[in-house]
Amino acid sequence: MYTETEIIKDNTDLGPDGELVVNMGPQHPATHGVLHLVVTLNGETIKKIEPHLGYIHRSIEKMCESLTYRQFIYVTSRMDYLSSHINNTACALLVEKGMQIEVPERAKVVRTILNELTRIASHELWIGAMAMDLGAFTPFFYAFREREMITDIMEDTCGARLTMNYIVPGGLMYDIHPDFQTKVKAFVKQFKEKVTEYEDLVTGNVIFQSRTKGVGVLTAEDAISYGCTGPVARASGVRCDIRKIDPYDAYDRVEFDEVIETAGDSFARYMVRVKEMNQSIRIIEQLIDQIPEGDFVGKTKNVLKLAKGEFYQRVETARGELGVYIVSEGATTPHRIKFRSPGFSNLSVLDHIAKGSKIGDLMATMGTLDLVIPDIDR
Amino acid sequence: MTNEEIKTYITAHASEATFDETGEWLTILIESNHLKSLAAVLRGQPMQLDFLFCLTCVDFKTHLTMVYHLTSSSNRNINIVLKANVNSADPIIETVSDLWRTAEFLEREVFEMFGVDFLHHPDLRRLILEEDFKGFPLRKDFDDPINMIKL
């Protein structure tokens, strides 16, 4: 029965040093999107990983050059679709900074709460998917149970579950749902009870630990040199939280800790995300009873025009630092727009940290980088 | 370091650099053939701008401008924008991927989107576009036959 597979023993199929080239993706269950990795193997050891991108490239940057400052925000929800609120916030903040628009306090606080809910939802999905990549199916259902509550809150307030488009220059598109505060409080209560279940299921799991500890180690110097941000860099001990460095919205008035781990391996990246969810809950708890009354959107002109010049705005998404760079010629559309997406830089480090490890560990390494492909391709 | 101190320090190492303080962050303009040496000065002691958080190119129709956003991981309050003009017809500039490894991927993106040639880049290939794609999509003179927005 197995005689036919012996054709692989024929050396003409292998490279000069017995190398074997394996295509991983673009349709692979663990890439969670259309990522294509060309992996060069020597036996089971990885010698080189080349990412081939562009399967979901829509040239969002070129598209935005034809869209006005009110329209281009909707496209950004389709970049990192798991942090669409935070992408919208980045664009809204940039337009507000460029035009000196006053944002009402109510909008600032609601934005911060929504951003943190988005972060939790994103990390929840990541934990479920990551555990599933490593062979554990149950955590996925546990994670989605709480994530469902967040998407329900989003649906009530924003009318959408994934691409919200709720945050606009000047504030919010419309006021929050009357049940918003009650529902968020119910979520916070449930999450705090249930978060220990993840710890029991995943963190303390011997199989999970042995598959992630010491796997895909990234040093602090490399994290900085490769431009890594977010939980990937913080797991290597690099302080890079934009919410602390350059606070926006209501982040300057809340107390939270920047989660830092020093091991730099896949397990450390997992721990950073779990601890970050608890910090997000802390932020939400401080703000949920403090939503000021008043307008939800500031006064803006009908036609938005950015002054001639350059503008840069950075925010902390669930994956790291998102930068929006706009060169304006004073028109209603940007002359050039660049999205510095966190996933792009985090992907570039994959070859470096997976080299020399076994192909079985690639899932753990790639999974903990938390790659969202539309965010990388844009 | 204040902006004035940075300016004196940079002028001492690269006399041809000019400055622009109208934006949010200090902008340094340099000729493209001096870019690499200035980048090395900024990367080294005492500036230690070891974090290149954004690298891109802008098409101003008459010329292309390479834009590098730099900061220091030990002091994130220092942000510097480094700019170099290259001509549109034959854009060539030295790579900075040996100073900041993140530039390797970012320069590949600029290479295919703007057609900028990076000298001494370790692996200058297309990253996102197909092999048979013609033109440089993010240049202003590029017009897609199927433009979804203008339809």
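In what follows, the structure referred to is the one given above.
Source: prediction; values computed, not measured.

Participant: Hey, could you run me through the overall build of chain A in this one?
Facilitator: For chain A, the helix and strand inventory stands at 15 helices and eight strands. The C-alpha radius of gyration computed for chain A amounts to 22 Å, which stays within 12% of the reference 21 Å derived for 378 residues, consistent with globular compactness. Counting only C-alpha atoms, chain A reaches 75 × 50 × 40 Å along its principal axes. Considering chain A as a whole, with its 378 residues, one finds that 58% of them fall into the buried category. Nonlocal contacts in chain A, meaning residues at least 24 apart in sequence, comprise 71% of its contacts between residues at least 6 apart.

Participant: What exactly am I supposed to notice about the pattern of salt bridges here?
Facilitator: One side chain can pair with another of opposite charge once the charged atoms of both are near each other. This structure, assessed with the given rule, holds 44 salt bridges over all chains. Of the charged contacts in the structure, one is a salt bridge between A:E310 and B:K83, with a shortest N-O distance of 2.3 Å. With A:E310 in strand β6 (residues 309-316) and B:K83 in strand β5 (residues 79-87), the pair connects residues from two separate chains. By relative accessible area, which is 26% here, A:E310 ends up partly exposed. What makes B:K83 buried here is its relative accessible area of 10%.

Participant: Would you mind going over the packing of helix α3 (residues 84-99) of chain A against helix α4 (residues 105-133) of chain A with me for this structure?
Facilitator: Helix-helix packing is characterised by the crossing angle of the two axes and by the distance between the axes. Residue and element names in this part refer to chain A. Here α3 crosses α4 at 145°, and the two axes come no closer than 8 Å. Facing α3, whose interface residues are S84, H85, I86, T89, A92, L93 and E96, α4 presents R111, L114, N115, T118 and R119. Residues belonging to the contact of α3 with α4 are distributed by class as follows: four nonpolar, five polar and three charged.

Participant: Where do I start with the interface of chain B and chain A in this structure?
Facilitator: By a widely used convention, the size of an interface equals the accessible area lost when the partners come together. Contact residues are listed per partner, giving 38 residues for chain B and 40 residues for chain A. With both sides pooled, the region where chain B packs onto chain A buries about 3400 Å², and carbon together with sulfur makes up 56% of that total. Between chain B and chain A we count seven salt bridges in total. Close ionic contact of A:K97 with B:E24 constitutes a salt bridge, the shortest N to O distance being 3.1 Å. Viewed at the interface, chain A and chain B are joined by 18 residue pairs in polar contact (both at pLDDT 80 or more). Listing elements by their share of the side of chain B that touches chain A, those giving two or more residues are β3 (51-59), β4 (63-71), β5 and α3 (103-114) of chain B. Ranked by residue count, the leading element in the side of chain B that touches chain A is β3(B), at eight residues.

Participant: What is the right way to read the environment of A:G216 from this model?
Facilitator: All names here are of chain A. Mapping G216 onto the fold places it in the loop between α7 (206-212) and α8 (220-225). The buried category is assigned to G216, whose relative accessible area is 7%. When the C-alpha atoms of G216 and Y248 are compared, they prove to be 33 Å apart, with 32 residues separating the residues in sequence.

Participant: Please explain the nonpolar core as it appears in this structure.
Facilitator: As a rule of thumb, soluble globular proteins bury nonpolar side chains together. Membership of the largest hydrophobic core comes to 161 residues, with the highest contact counts inside it found for A:F72, A:L117 and B:L82. In terms of residue count, α4(A) provides more of this core than any other element does, 11 residues in total. Setting aside its immediate chain neighbours within four residues, B:L82 contacts B:I28, B:I30, B:L35, B:L38, B:A39, B:L42, B:M66, B:V67, B:Y68 and B:L70.

Rules behind the numbers
Residues numbered from 1 in each chain as written. Chains lettered and ligands numbered in written order. Predicted model: local features only at pLDDT ≥ 70, side-chain atom pairs only at ≥ 80, totals over all residues. Heavy atoms only, no water. Helix = DSSP H or I, 4+ residues; strand = E, 2+ residues; numbered from the N terminus. Rg over C-alpha atoms; globule rule 2.2 N^0.38 Å. Buried < 20%, exposed > 50% of the residue type's maximum accessible area, 1.4 Å probe, protein only. Contact = heavy atoms within 4.5 Å. Salt bridge = Lys/Arg side-chain N within 4 Å of Asp/Glu carboxyl O. Axes fitted to C-alpha atoms, helices over the stretch in contact; angles between N-to-C directions. Nonpolar A, V, L, I, M, F, W, Y, C, P; charged D, E, K, R; others polar. Buried area = accessible area lost by both parts, 1.4 Å probe. Polar contact = N/O pair within 3.5 Å; in protein donor to acceptor, adjacent residues only side chain to side chain. Core = buried A, V, L, I, M, F, W, Y, C linked by side-chain atoms within 4.5 Å.

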